[in-house]
Amino acid sequence: MTATLFSFLFAITILTLTPGFDTALVLRTALAQGWQRAWATASGVTLGCLLWGIAVGFGLGALLMASELAYNLLKWTGAGWLLYLGIRLLLNPRQQPVTTEEDTPFRPQGYLACFLRGLTGNLLNPKVGVFYVTFLPQFIPAGASVALWCTLMALAHMVLGLVWNAVLIAGSHYFARHLRKPPILKVMDRLTGCVFIGFAAKLALSRR
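Note that the structure is a prediction, hence the values are computed from the model and not measured. (Residues numbered from 1 in each chain as written. Predicted model: local features only at pLDDT ≥ 70, side-chain atom pairs only at ≥ 80, totals over all residues. Heavy atoms only, no water.)

Undergrad: I'd like a rundown of the overall build of the protein, residues and numbers included.
TA: Of regular secondary structure, the protein possesses nine helices and zero strands. In the protein, the order of α-helices and β-strands from amino to carboxyl end is α-α-α-α-α-α-α-α-α. Of all 208 residues assigned to the protein, the portion counted as buried reaches 43%. A sequence separation of at least 24 residues applies to 83% of the contacts in the protein between residues at least 6 apart. Per element, the accessible surface of the protein, about 10,900 Å² overall, is 71% carbon and sulfur. (Helix = DSSP H or I, 4+ residues; strand = E, 2+ residues; numbered from the N terminus. Buried < 20%, exposed > 50% of the residue type's maximum accessible area, 1.4 Å probe, protein only. Contact = heavy atoms within 4.5 Å. Areas by Shrake-Rupley, 256 points an atom, 1.4 Å probe, with all protein chains shown as cover.)

Right under this line is the structure:
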């Protein structure tokens, strides 16, 4: 049991540290809108992991593995969402940093909007569900409750994700003063838009 748990924690830590769309989204929010909204985005992302774990424990992941229609529907919805975010950043990059609610010339996104953006981006990625349904069962003890263990492992992934996002946000906060200069911010938004479009293409071309 102990060896299995350590193996799971090691594997899920490597997964958490691997850069992806979620990382890019949290970093961009931290640099463009500040650490508080970045935390809202990170909370949405990690809650998405927990919801995926619960769903996989109750059989949704198996449905994605078995049904090509269900997988493709979620895949194309997720790819469309990422494409929308990327194009919006390319066409309408921020030219002024967000400072405070009172003196910023641009109204920052609300915390709920940032949270929902992180949550939606995670939930609309079927690769997360497929990964969970192929990965988590390897660490479930024989005879144990699949739903309970999937939920607990997803919760562990959520905690690790919050810790890693705290490191990312703290690092971005250190460099934020230099990176929030209007010309740099505009370039970063457009680069992030390209990254999001790249992730959309990768997801659209992916297979189960």
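Additional details are given in the paragraphs that follow.
Undergrad: An account of the packing of aromatic side chains is requested, with residue identities and associated values reported.
TA: Under the criterion given, the structure shown has zero aromatic pairs. Here the guanidinium or amino end of R37 rests over the ring plane of Y111, the centre of that ring lying 4.6 Å away. (Phe/Tyr/Trp six-rings, centres within 6.5 Å; stacked < 30°, edge-to-face > 60°. Lys NZ or Arg CZ within 6 Å of the ring centre and 35° of its normal.)

Undergrad: Pulling in residues and values, what's your account of the UniProt feature "transmembrane region" (unreviewed entry) in the protein?
TA: UniProt marks residues 44-66, 73-91, 146-175 and 187-205 with the feature "transmembrane region" (unreviewed entry), using the numbering shown here. Helix makes up 100% of residues 73-91 and strand makes up 0%, while its end C-alpha atoms are separated by 27 Å. (UniProt positions renumbered as here; feature names shortened; annotations may be inferred.)

Undergrad: Hey, could you go over the environment of G78 for me, with residue numbers and the actual values?
TA: Within the secondary structure, G78 is located in helix α5 (residues 68-91). The exposure class assigned to G78 is buried, which follows from its relative accessible area of 2%.

Undergrad: Please provide a residue-by-residue account of the nonpolar core, values included.
TA: Ranked by internal contacts, the top residues of the largest apolar core, which has 20 residues, are F8, Y132, F135, L136 and M153. When residues of this core are traced back to their parent elements, those giving at least two are α1 (2-17), α3 (35-57), α7 (126-135) and α8 (146-179). With five residues, the top contributor of residues to this core is α8. Excluding residues within four positions of it along the chain, Y132 makes contact with C49, W52, G53, V56, P137, A154 and H157. (Core = buried A, V, L, I, M, F, W, Y, C linked by side-chain atoms within 4.5 Å.)

Undergrad: I'd like a rundown of the packing of helix α2 (residues 21-33) against helix α6 (residues 111-123), residues and numbers included.
TA: Running from N to C, α2 and α6 cross one another at 165 degrees; their axes reach a closest spacing of 10 Å. As summarised for this structure, α2 and α6 are arranged roughly antiparallel, according to the angle between their axes. The interaxial crossing formed by α2 with α6 has right-handed handedness. Along the contact surface, α2 presents F21, D22, L25, R28, T29 and Q33, while α6 presents C114, R117, G118, G121 and N122. Looking at the contact of α2 with α6, its residues break down into three nonpolar, five polar and three charged. (Axes fitted to C-alpha atoms, helices over the stretch in contact; angles between N-to-C directions. Parallel < 35°, antiparallel > 145°, perpendicular 65-115°, else oblique. Left-handed = near helix turned anticlockwise from the far one by under 90°. Nonpolar A, V, L, I, M, F, W, Y, C, P; charged D, E, K, R; others polar.)

Undergrad: Please set out a nonpolar patch on the surface residue by residue, giving values where relevant.
TA: A cluster of nonpolar side chains, L148, L152, L155, V159 and V163, forms an exposed patch at the surface whose accessible area comes to about 430 Å². With respect to the helices and strands, the residue L148 is situated in helix α8. Taking relative accessible area as the criterion, L148 reaches 48% and is therefore assigned partly exposed. (Patch = residues over 30% accessible without salt bridge, like charges linked within 9 Å, V, L, I, M, F, W, Y side chains within 5 Å. Salt bridge = Lys/Arg side-chain N within 4 Å of Asp/Glu carboxyl O.)

Undergrad: How would you sum up the packing of α3 against α6? Please name residues and give values.
TA: Put simply, α3 and α6 touch, their axes get as near as 7 Å, and they point 35 degrees apart. Pair α3 / α6 crosses with right-handed handedness. Residues Q36, R37, A40, T41, S43, G44, V45, L47, G48, C49, L51 and W52 of α3 pack against Y111, C114, F115, R117, G118, L119, N122 and L123 of α6. Residue classes in the contact of α3 with α6 are distributed as eleven nonpolar, seven polar and two charged.

Undergrad: Any chance you could break down the environment of F139 for me, citing the residues and the numbers?
TA: Mapped onto the elements, F139 comes out in the loop between α7 and α8. In this structure the C-alpha to C-alpha distance between F139 and T4, which are 135 residues apart in sequence, comes to 6.0 Å. With residues up to four places along the chain from it excluded, the contact list for F139 reads T4, S7, F8, W149 and M153.

Undergrad: Describe in detail the confidence of the model for the protein, supporting the description with residues and values.
TA: Scored by pLDDT, the protein has a mean of 77; 80% of the residues are at 70 or more. Here residues 98-106 is a poorly scored stretch, pLDDT under 50, and it has twelve contacts once near neighbours within four places are set aside; other chains count. (pLDDT = per-residue confidence, 0-100.)

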